[in-house]
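This is what each chain is made of:
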Amino acid sequence: DASAGPAMTPAQCEQAVEDGRAIVRGLPGNVLLLGEMGIGNTSAASMLLSRLGGLALEDCVGKGTGLDADGLARKQAVLAEALALHAQANGPMEALAAFGGFEIATLVGVVLEAALQRRVIVVDGFITGAAVLVAQALQPNVVQRCVAAHESAEPGHALLLRHLGLVPLLRLELRLGEGSGAALAWPL
């Protein structure tokens, strides 16, 4: 719970990144399609984008899977408190450990290893894009291996893609990630 303390310890964060690297080492092929599934991970992605991208939090936060206006206002307030609580978490690994989540940290490792192996990385949506943002902050040429599958309906996703210099192949207003955009973009 990033609003009460760091989402993970530095050791847990490093282990999650290493777990992602190990997953890719065990996979054949030269292309990796990213996807994710979770609850609340647009919150972590929004905080990572705000902190590492130097953007205003309110520009990064969206409705997720369907908040109304009051829910969105509460989400923004809670995330603003979490950002303030972790004001010293400015580096990529520090921000990742502070804001989470384990799935994003694992995806950071996946992206780093896939780029190291010179694989093409098809980036699905906002959450997988947040992992690329962290990976890019750690290894500046990672984004050269990435293709943005689509631009989701999350307002932060468009900002994230612009920050990374990626142009999405599709704009279908998909809200859920789960690899659906990467699968749709793959034939292209």
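Residues numbered from 1 in each chain as written. Predicted model: local features only at pLDDT ≥ 70, side-chain atom pairs only at ≥ 80, totals over all residues. Heavy atoms only, no water.

(A) Spotlight on the overall build of the chain. In terms of helices and strands, the chain carries nine helices and three strands. N-terminal to C-terminal, the α/β element order of the chain is α-β-α-α-α-α-α-β-α-β-α-α. In terms of overall dimensions, the chain is globule-like: its C-alpha atoms have a radius of gyration of 15 Å, near the 16 Å expected for 188 residues. In terms of principal-axis extent, the alpha carbons of the chain reach across some 45 × 40 × 25 Å. For the chain, the residues scored as buried account for 51% of the 188 residues in total. Considering only contacts within the chain whose residues lie at least 6 apart along the sequence, 72% involve residues at least 24 apart. For the chain, the computed accessible surface area is about 8800 Å², with 55% contributed by carbon and sulfur atoms. Each charge class in the chain can be summarised by its mean position, and for the 12 positive and 18 negative side chains these summaries are 7 Å apart. (Helix = DSSP H or I, 4+ residues; strand = E, 2+ residues; numbered from the N terminus. Rg over C-alpha atoms; globule rule 2.2 N^0.38 Å. Buried < 20%, exposed > 50% of the residue type's maximum accessible area, 1.4 Å probe, protein only. Contact = heavy atoms within 4.5 Å. Areas by Shrake-Rupley, 256 points an atom, 1.4 Å probe, with all protein chains shown as cover. Lys, Arg positive; Asp, Glu negative; His and termini not counted. Charge placed at Lys NZ, Arg CZ, Asp CG, Glu CD.)

(B) Helix α8 (residues 155–164), seen in detail. Among the residues making up α8, those that are buried are Gly 156, His 157, Ala 158, Leu 160, Leu 161 and Leu 164. Turning to α8, the residues buried within the fold contact α2 (41–53), α3 (57–60), α7 (126–138) and β3 (146–148). One or two steps after α8, the chain reaches Gly 165, where phi turns positive at roughly 75 degrees.

(C) View of the sheet that holds strand β1 (residues 31–33). Strand order in this open sheet of three strands is β1-β2-β3, and the pairing throughout is parallel. Pairing within the sheet leaves two strands with one partner each, and these edge strands are β1 and β3. Shown here is a sheet whose adjacent strand axes are inclined to one another by a mean of 20 degrees, direction ignored. By the bridge criterion, three bridges tie β1 to strand β2 (residues 120–123) in an arrangement that is parallel. Within β2, the position partnered with Val 31 by the bridge is Val 120. (Pairing = 2+ DSSP bridges. Axes fitted to C-alpha atoms, helices over the stretch in contact; angles between N-to-C directions.)

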